[in-house]
Amino acid sequence: MITVYNTLGRVRQTFEPLEEGRVGMYVCGPTVQSAPHIGHGRCAVAFDVIRRYLTWRGWDVLYVQNITDVDDKIINRAAELGVTTEDLAAEMTERFLTSYRRLGVLDPDVTPAATHHIPEMIELIAGLVRQGLAYASGGDVYFRVRALEGYGKLSGRNVDELRIGARVEPGIDKEDPLDFALWKGAKPGEPSWPSPWGEGRPGWHIECSAMSAKYLGVPFDIHAGGADLIFPHHENEIAQSEGATGGPFARYWLHNGMVNLGGEKLSKSTGHIVDLAEAIETYGGPVIRLFLLRAAYRSPIEYSEASMRDARGSLDRLRSFVRRAPSAGPPDAAALDRFVASMEDDFNTAEALGAVFETVRQGNARLDRGGEAGPLIAAVREITGVLGIDLESAGLEGLAEPLAELAARYEVAAGSAEGMVRRLVAARTAARRSRDWSRADAIRDDMAGAGIVIEDSADGARWYRR
RNA sequence: GGCGACGUGGCCGAGUGGUUAGGCACAGCUCUGCAAAAGCUGCUACACCGGUUCGAUUCCGGUCGUCGCCUCCA
């Protein structure tokens, strides 16, 4: 039985999909205006893990993550750079998807882009206008917030308190400052589409209402995203969708905590950012993924180099363990049970990892005593697989050059990166046999300098990339 | 000001009304040509003040502090 914390209602509750054995999941994706930062990675990883877990548990998950490819920020940024909005969006989309993959995030089943769903959005807006829940004003269309019962139920706000803070842009004719745009009339030179209200483009919130309904149907099971989207984005999605259908929209709302730097949230608009691609380049995808999974997905986490080093140390421990012996037999049942119990408690990956490390210690202790640890290793492999933590890849990308240099220095044949590593390790083993300690140590030190760690053991040398 | 979350040992970070989270770091020992890895041992906590209770880090109230949202944001 899975328990989840539902932002809607702020309660823990049993997760029961609408249809037995099937789960529909919609994750709010990025606005592709600039490159991804660690916070985007956290969101992607958090819900990728949930998807993987549900899948592993035997459920059929339909996973949708959108791309917002039209928006004021994109228009402005493209103008600054002197490129088209399409080109900018396409390039940034690619960068997001590449970084996500390097974090071990599986591709969504559907990755809908807003600009490919304009007709669906127009239809939805037209329906809201017909029902009196929206109105055209100038070339814009606004949602009439006060016309909808229950607005604010997700974020715990009430309309009378909101009134004071609501943003009113000059020159815009809203009936009420709380009302938000469903459709924005185009200014000259802006990308636009024809609509019953004139040329224009969709507001931000409407895309998620339209696309989630299209791919998952309404209502659907899980709607997820960053905690900073609770208000107004998700609140407005609910207003639009429930206004349009008269019934419930998404059943479980899951929100990941923010990634902070120096105690403050990362934010594109302020430039307070840890670039995701750079971090991946520096530490590798698996280290970052482990860093992200060490805390529960709802807690805020602090990015720091010290934390990344910790995460690398932890990853090394896992890798060293599974390299000691092959998996054998079915995965250890006790280890799996602990993993399942942790995950079913609101997908508590931090606790799940605690159980993994205890399994590692048990396994190491058994191996030290000359015993068998096949099932324990199998369990660790199984669990890290579900968590999407890659313990396997040698990851020798980018090392061809330094390895070739070392191959030349120690007079072994050049070739593929992996081949050179093997030959260098063999050369060191030979040096050790002839008790040429200085040569053996030099090879080990130089390899370490290149990022390849060599460890001796009873049954030969093992190596892995740091 | 309103709404929400949170304050755990050197650091990161789970969890619980009375029993070891875990990782990283540190010290000692074992093992090892050296090292690393690994094992064992050690170090050690629940912001503060009240209350409930036989007993609270864990429930309730208050204080202080931090963070998020209230405007675009994963």
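Residues numbered from 1 in each chain as written. Chains lettered and ligands numbered in written order. Predicted model: local features only at pLDDT ≥ 70, side-chain atom pairs only at ≥ 80, totals over all residues. Heavy atoms only, no water.

In this section: the nonpolar core. Membership of the largest hydrophobic core comes to 76 residues, with the highest contact counts inside it found for Ile-38, Phe-47 and Phe-347. The contact partners of Phe-347, leaving out residues within four places of it in the chain, are Ile-2, Val-4, Ile-50, Tyr-53, Leu-54, Leu-254, Tyr-297 and Ser-342. Leu-128, Leu-178, Phe-180 and Trp-183 belong to the second-largest nonpolar core, a separate cluster that totals 26 residues. (Core = buried A, V, L, I, M, F, W, Y, C linked by side-chain atoms within 4.5 Å. Buried < 20%, exposed > 50% of the residue type's maximum accessible area, 1.4 Å probe, protein only. Contact = heavy atoms within 4.5 Å.)

Let us now look at the confidence of the model for chain A. When pLDDT is averaged along chain A, the result is 93, and 97% of the positions lie at 70 or above. Across the interfaces of the predicted complex, the ipTM metric reaches 0.94, alongside a pTM of 0.94. (pLDDT = per-residue confidence, 0-100.)

Right, let's talk about the sheet that holds strand β9 (residues 220–226) for a bit. In spatial order, the strands read β4-β3-β9-β10; together these four strands make up an open sheet with parallel pairing. The open sheet has two edge strands with one neighbour each: β4 (60–65) and β10 (250–256). Between one strand axis and the next, the sheet turns through 20 degrees on average, direction left out of account. Direction of pairing for strand β3 (residues 22–27) relative to β9: parallel, over a ladder of three bridges. Each bridged residue has a counterpart across the sheet, and for Val-27 the counterpart in β9 is Ala-224. Across the sheet, helix α6 (residues 204–216) touches β3, β4 and β9, and the angle it forms with β3 is around 160 degrees. (Pairing = 2+ DSSP bridges. Helix = DSSP H or I, 4+ residues; strand = E, 2+ residues; numbered from the N terminus. Axes fitted to C-alpha atoms, helices over the stretch in contact; angles between N-to-C directions.)

Running from amino to carboxyl end, helix α14 (residues 400–409) crosses helix α16 (residues 437–450) at an angle of 165 degrees, the nearest separation of the two axes being 10 Å. Our classification of the angle between α14 and α16 gives roughly antiparallel. Read as a crossing pair, α14 and α16 show a hand that is right-handed. Residues Pro-402, Leu-406 and Arg-409 of α14 form the contact with α16, whose own contacting residues are Asp-446, Met-447 and Ala-450. Of the residues belonging to the contact of α14 with α16, the class tally is four nonpolar, no polar and two charged. (Parallel < 35°, antiparallel > 145°, perpendicular 65-115°, else oblique. Left-handed = near helix turned anticlockwise from the far one by under 90°. Nonpolar A, V, L, I, M, F, W, Y, C, P; charged D, E, K, R; others polar.)

What follows concerns the pattern of salt bridges. Pairing of side chains with opposite charge becomes possible as their charged atoms draw close. As enumerated under the stated definition, the model contains 32 salt bridges in all. We note a salt bridge from Lys-265 to Asp-228, for which the minimum N-O separation is 3.3 Å. Placement of Lys-265 in strand β12 (residues 264–265) and of Asp-228 in the loop between β9 and α7 (230–245) is noted, with a sequence separation of 37 residues between them. Among the residues examined, Lys-265 registers a relative accessible area of 36% and is labelled partly exposed. One salt bridge in this structure joins Arg-324 and Asp-368, with 2.8 Å as the shortest N-O distance. With a gap of 44 residues between them, Arg-324 in helix α10 (residues 305–324) and Asp-368 in helix α12 (residues 349–368) connect regions that are remote in the sequence. Residue class for Asp-368 comes out exposed when judged on its relative accessible area of 61%. (Salt bridge = Lys/Arg side-chain N within 4 Å of Asp/Glu carboxyl O.)

What follows deals with the protein's contact with RNA strand B. Among the 62 residues in the neighbourhood of RNA strand B, the closest are listed as Trp-204, Gly-226, Leu-229, Lys-265 and Ser-314. Here RNA strand B approaches the protein such that, of its atoms within 4 Å, sugar and phosphate make up 68%. At 3.3 Å from a base nitrogen of RNA strand B is found a side-chain nitrogen or oxygen belonging to His-37. Lys-265 is positioned such that a nitrogen or oxygen atom in its side chain is 2.4 Å from a phosphate oxygen of RNA strand B. Here the surface near RNA strand B gets nine residues from one element, more than from any other, and that element is α12. Of the residues belonging to the surface near RNA strand B, the class tally is 17 nonpolar, 22 polar and 23 charged. (Near = heavy atom within 4 Å. Polar contact = N/O pair within 3.5 Å; in protein donor to acceptor, adjacent residues only side chain to side chain.)

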